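Single-letter residue listing:
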Amino acid sequence: MAEPIGRRRFLECLSLGLSGLAAAVVSVPILSYLLSPLLRPAPRLWLDVGAVDTFAIGQTVLRTIPEVSPLPWAGQTAETAIWVRRTGAQEFTVFAVNCTHLGCPVNWRPEAGLFLCPCHGGVYYADGRVAGGPPPRPLFRYETRVEGGQLQVRSQPLPIG
Amino acid sequence: MLRRVAAWLDDRLGFSSSILPLIRHPVPRDVNWWYVFGSATLVAFAVQVLTGVALAFTYVPAPNSAYESLRWITQDAVLGSVVRGIHYFGASAMVILIVVHAARVFLMGAFKYPRELSWLTGTLLLFLTLGMAFTGQLLRWNQDAYWAMVVAAEMAGRVPFVGPVLTQLVVAGQTVGGATLTRFYATHVFLFPALMFILIAVHLYLVIRHGISEPPRAGEPVDRATYRERYHAYLAKRSVPFWPDAAWRDVVFALAVGAGVLLLAVVVGPPDLGKQADPTLIEADPRPDWYFLWYFALLALLPPPLENLFIVGFPLLVGVLLLALPFLAGDGERHPARRPWAVAAVALAFLTIGVLIHVGYEAPWSPVLDAGPLPPSVVEGLSPTAARGARVFEEKGCHNCHRIAGSGGRRGPDLTTIGDRLSRSQLTARIMNGGAIMPAYAGNLTPADLEAVVDFLAQRRPPGATRAE
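Residues numbered from 1 in each chain as written. Chains lettered and ligands numbered in written order. Predicted model: local features only at pLDDT ≥ 70, side-chain atom pairs only at ≥ 80, totals over all residues.

Draft legend 1. Spatial organisation of the overall build of chain B. Counting its secondary structure elements, chain B contains 19 helices and 4 strands. Taken over the C-alpha trace, chain B has a radius of gyration of 29 Å; the compact-globule value for 469 residues is 23 Å, which it surpasses by more than 25%. Principal axes of the C-alpha set define a box for chain B whose edges measure 95 × 55 × 45 Å. With 469 residues in all, chain B has 38% of them scored as buried. Considering only intrachain contacts with a sequence separation of at least 6, the fraction spanning at least 24 residues in chain B is 78%. (Helix = DSSP H or I, 4+ residues; strand = E, 2+ residues; numbered from the N terminus. Rg over C-alpha atoms; globule rule 2.2 N^0.38 Å. Buried ≥ 20, exposed ≤ 12 C-beta atoms within 10 Å, placed from the backbone. Contact = placed C-beta atoms within 7 Å.)

Draft legend 2. Here's a closer look at the pairing of strand S10 (residues 144-147) of chain A. Residue and element names in this part refer to chain A. Two strands pair when backbone bridges link them, and S10 and strand S11 (residues 150-154) are joined in this way by 4 bridges, in the antiparallel orientation. Across the sheet, residue Glu147 finds its bridge partner in S11, namely Gln150. Here S10 folds back onto S11 in antiparallel fashion, the turn holding 2 residues, of which Gly148 has a positive phi close to 55 degrees. (Pairing = 2+ DSSP bridges.)

Draft legend 3. Molecular detail of the interface of chain B and chain A. Listed per partner, the contact involves 53 residues of chain B and 44 residues of chain A. Within the residue set of the side of chain B that touches chain A, elements represented by two or more residues are helix H7 (143-157), helix H8 (163-171), helix H9 (178-210), helix H12 (290-301) and helix H13 (304-328) of chain B. Residue composition of the side of chain B that touches chain A, by class: 29 nonpolar, 17 polar and 7 charged. (Nonpolar A, V, L, I, M, F, W, Y, C, P; charged D, E, K, R; others polar.)

Draft legend 4. Broad picture of the packing of helix H5 (residues 80-107) of chain B against helix H11 (residues 242-267) of chain B. All names here are of chain B. Two elements in contact, H5 and H11, have axes separated by 8 Å at closest approach and are oriented at 130 degrees. With respect to H11, the element H5 is oriented oblique. Here H5 and H11 pass one another in a crossing that is right-handed. The segment H5 lies against H11, with Val82, Gly85, Ile86, Phe89, Gly90 and Ala93 engaging Val257, Val261, Leu262, Leu264, Ala265 and Val266. Taken together, the residues that form the contact of H5 with H11 break down as 10 nonpolar, 2 polar and no charged. (Axes fitted to C-alpha atoms, helices over the stretch in contact; angles between N-to-C directions. Parallel < 35°, antiparallel > 145°, perpendicular 65-115°, else oblique. Left-handed = near helix turned anticlockwise from the far one by under 90°.)

Draft legend 5. Region of the structure containing the nonpolar core. Of all hydrophobic cores here, the largest spans 113 residues; its most connected members are Ile82 of chain A together with Ala44, Met149 and Ala153 of chain B. Per element, the largest residue contribution to this core is 13 residues, and it comes from H5 of chain B. Residues contacting Ile82 of chain A, with those up to four places away along its chain left out, are Arg63, Ile65, Val94, Phe95, Ala96, Val97, Tyr142 and Val153 of chain A. Grouped together as the second largest cluster of nonpolar side chains are 20 residues, Ala390, Cys401, Tyr441 and Ala458 of chain B included. (Core = buried A, V, L, I, M, F, W, Y, C linked by C-beta atoms within 7 Å.)

Draft legend 6. Local environment of H8 of chain B. For H8 of chain B, the complete set of buried residues consists of Thr167, Gln168, Val170 and Val171 of chain B. Along H8 of chain B, the residues classed as buried sweep out an arc of 160 degrees about the axis, all on the same side. (Arc of directions from axis to C-beta.)

Draft legend 7. The arrangement of the domain arrangement of chain A in detail. Along its sequence, chain A is carved into domain 1 (7-39) and domain 2 (46-154). For domain 1 of chain A and domain 2 of chain A, the distance between their C-alpha centroids amounts to 47 Å. (Domains from an automatic or database assignment.)

Draft legend 8. Quick peek at H12 of chain B. Given a rise of 1.5 Å per residue, 12 residues ought to cover 16 Å, and the 17 Å separating the end C-alpha atoms of H12 of chain B matches this to within 8%. Of the positions making up H12 of chain B, those classed as buried are Tyr291, Phe296, Ala297, Leu299 and Ala300 of chain B. (Expected span 1.5 Å × (residues − 1).)

Draft legend 9. Here's a closer look at the sheet that holds S11 of chain A. Residues and elements named next belong to chain A. Reading across from one edge, S1-S11-S10 is the order of the 3 strands in this open sheet, with antiparallel pairing throughout. Every interior strand has two partners, whereas the edge strands, strand S1 (46-51) and S10, have only one. Each strand of the sheet is rotated relative to its neighbour by a mean of 35 degrees, with strand direction disregarded. As paired elements, S1 and S11 share 5 bridges and run antiparallel to each other. Its bridge partner being in S11, Asp48 is matched across the sheet by Gln152.

Draft legend 10. Local environment of the confidence of the model for chain B. On average, residues of chain B score 94 in pLDDT, and 99% of them are at 70 or above. Across the assembled chains, the prediction reports ipTM 0.89 with pTM 0.91. (pLDDT = per-residue confidence, 0-100.)

What follows is the structure, encoded as structure tokens:
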């Protein structure tokens, strides 16, 4: 037969149990709030980049697109940059500016026809293929389409190499 | 009257009966200047808290205001530049002091029985100090800060299986934006400091409970069965009260460090803020502060196949090793003279980190994006074809990665005298085919441009040298 729980032992268990329960209850809204980025993924929207005829065939230019759900105090981070390359009458290749090595911003050198990364020396060809250095894969691409004479790209999360 | 007030306070607070015995606890008479780094770290932390609170009175942790508020603090606020300077150099001092303190504890074997928990709490405080240094750098909200956040998110994304989830947690969303800065701000000013206060309290309690370790003596290993008895016998014979017999050194050293930090804050001032964080400005050359520069350098020098393993495995390995140390080597010899591997490990770690920080400042792997034109001494007197080759060299980005006569990048070999090392056909092959870190220019140069740049490079020889083709 089990020994009866003493009064003090019972009060200890009661106090600790109730405290633990209260902590668990309070932690539900706090953790949900902190983990909300995982619970509310940003929508993937088609965003206007510019009229098709503002891009010259064969040229690569820097453009900005809005973030899809910026907070009111986002400031400059309410926009992001992309590299747009027009490859044909209706064909475009749009790259994220992030190097696939560690995410630093790649610079386009039109005369050299290369993207250079200032951080660890990653180099890419005009079509995004790795030309040298540590990047493990080609530049990240955005989905593109042409709608009503407008080039559009589909928003995406921060690309991870 | 004053005496009566003091007596009343002492009676109610119990200073003489409770607190005074604590600060006068016996410590080994032989403690010396090597023992001052822990208390100096604590003082540096207190200075960081004070200056951090002062900065938080004005700093606005929102992307649309953070940079401007910090600029106002630096340029317009009364002595704001000095406060920011103290916070900046105080952070550096704290990182240096806690690392030296950890190295001293390791080299003197003070982590061994019964002080394992002191080492564990100290290790966690080291990690948190580095975390504070990193999150603090991001609050400047300049281009370096923005891209450092992106790099941190990318590195988190390399963790197997949970990488994307971790990235979203780090940046508080899908991209670095409005919620990211507030997340790092809350971590920097609330979460990490709260954890540090708790750990410091436990760390200090353990110092009182187990006493300050006596200076090690060769041939007197730690034996769990006898150590405590031996330590107390030692204290009974050779101890002094911590206050003031030992504490005076802590006070003098902490004041010296504080004076150095203040002097740097006044004379040198806080670091230049640079450009405001803006994802649409890609003319950035992001660099971490010096305490992470060695890691930045390491990531540039590692063979790419090892990189993912290293990004995840290296911090994990260091963390596990440090936390496991008192359980792997909890007894035995403490004196460094009897632990040559321990001395070698510390020396190697300091040497490696020092060299990597130096290399990180040099960053020879980064192309020089604003290399500018070749110097006149290089282009003057060239034949028309070679002069055209020099222009091609500049335009095609060769100059961004190759140095000639002290001008240009250092990503690739110095080409000042390349004509003495490679023939025209070898030069042509290298340019056309590229290499491990060099792009192939086969589809990117006209035959005339190729001939011109080869002509230019073939003429790059030491004065008076000739080369048989």
